[in-house]
Amino acid sequence: MAVPLMMTEEQILDEFRAADALLEGHFILSSGLRSPKYLQCARVLMDPARAERLARALADILPEELRQQIDAVVSPAMGGVIIGHEMARALRRPAMFVERPQGSFELRRGFHLDPGTKVLMVEDVVTTGLSSREAIEAVRQAGGDVIAEAALVDRSSGKADLGVPFYPLIRIDVPTYEADALPPELASVPAIKPGSRAAA
């Protein structure tokens, strides 16, 4: 059995800093809100060794009773695919993902869940929890039973209600502002739009 990899909050943030994934500036989020900080999980997961460390640390915060119940790991594409696969490896369970071919999540590519399969949903970042709830519903429609969700980062300030127990590796309270209500120090910095929707 692997030795538990317990990481402090500062060690976790150091992983993001080392990958240039903890960004500071003026960012336009996909919601349209503005923020002085942005976590780019795709960058922190670029290094397979770092992705493995973070997934092991995330797996190790799950209660042992829960870990024993998990039959499969499912994650929403695109952001959750890498961390979902690494979590499945840490837990020694099969990894699958749901995707949106036509606007709503569904299992494709030959993925199949037997009725009652106990599923751990895994995300990279949870902000509002909307995509997680939609992915959880897709798993239920496919016959699975989502018993919990795990994520690298909770940036909902603890407000996301996923309808299942939620285990983030780190919670980060990142302030957000409407575009017409920026503090002066943010308004003086040019805004950029990072993330997967930044460019077509």
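Our subject is the structure that appears above.
Residues numbered from 1 in each chain as written. Predicted model: local features only at pLDDT ≥ 70, side-chain atom pairs only at ≥ 80, totals over all residues. Heavy atoms only, no water.

Novice: Run through the packing of aromatic side chains, naming residues and quoting values.
Specialist: As enumerated under the stated definition, the model contains 2 aromatic pairs in all. A ring pair is formed by F97 and F111, whose centres lie 5.2 Å apart and whose planes are at 80 degrees; its orientation type is edge-to-face. Taken together, the residues F97 in strand β4 (residues 95–99) and F111 in the loop between β5 (106–107) and β6 (118–126) connect sequence positions 14 residues apart. For F111, a relative accessible area of 26% translates into the label partly exposed. The aromatic ring of F105 is capped on one face by R100, whose charged end is 3.9 Å from the ring centroid. (Phe/Tyr/Trp six-rings, centres within 6.5 Å; stacked < 30°, edge-to-face > 60°. Helix = DSSP H or I, 4+ residues; strand = E, 2+ residues; numbered from the N terminus. Buried < 20%, exposed > 50% of the residue type's maximum accessible area, 1.4 Å probe, protein only. Lys NZ or Arg CZ within 6 Å of the ring centre and 35° of its normal.)

Novice: Explain the sheet that holds strand β8 (residues 166–171) to me, using residue names and the numbers behind them.
Specialist: Taken in spatial order, the 6 strands line up as β5-β4-β3-β6-β7-β8 in an open sheet, and their pairing is mixed. In this open sheet, the two edge strands, each paired with only one partner strand, are β5 and β8. Pairing between β4 and β5: 2 bridges, direction antiparallel. Counted as the bridge partner of V98 is L107 from β5. Of the strands in this sheet, β3 (72–76), β4, β5, β6 and β7 (145–154) touch helix α6 (residues 130–141), which is tilted by about 160 degrees from β6. (Pairing = 2+ DSSP bridges. Contact = heavy atoms within 4.5 Å. Axes fitted to C-alpha atoms, helices over the stretch in contact; angles between N-to-C directions.)

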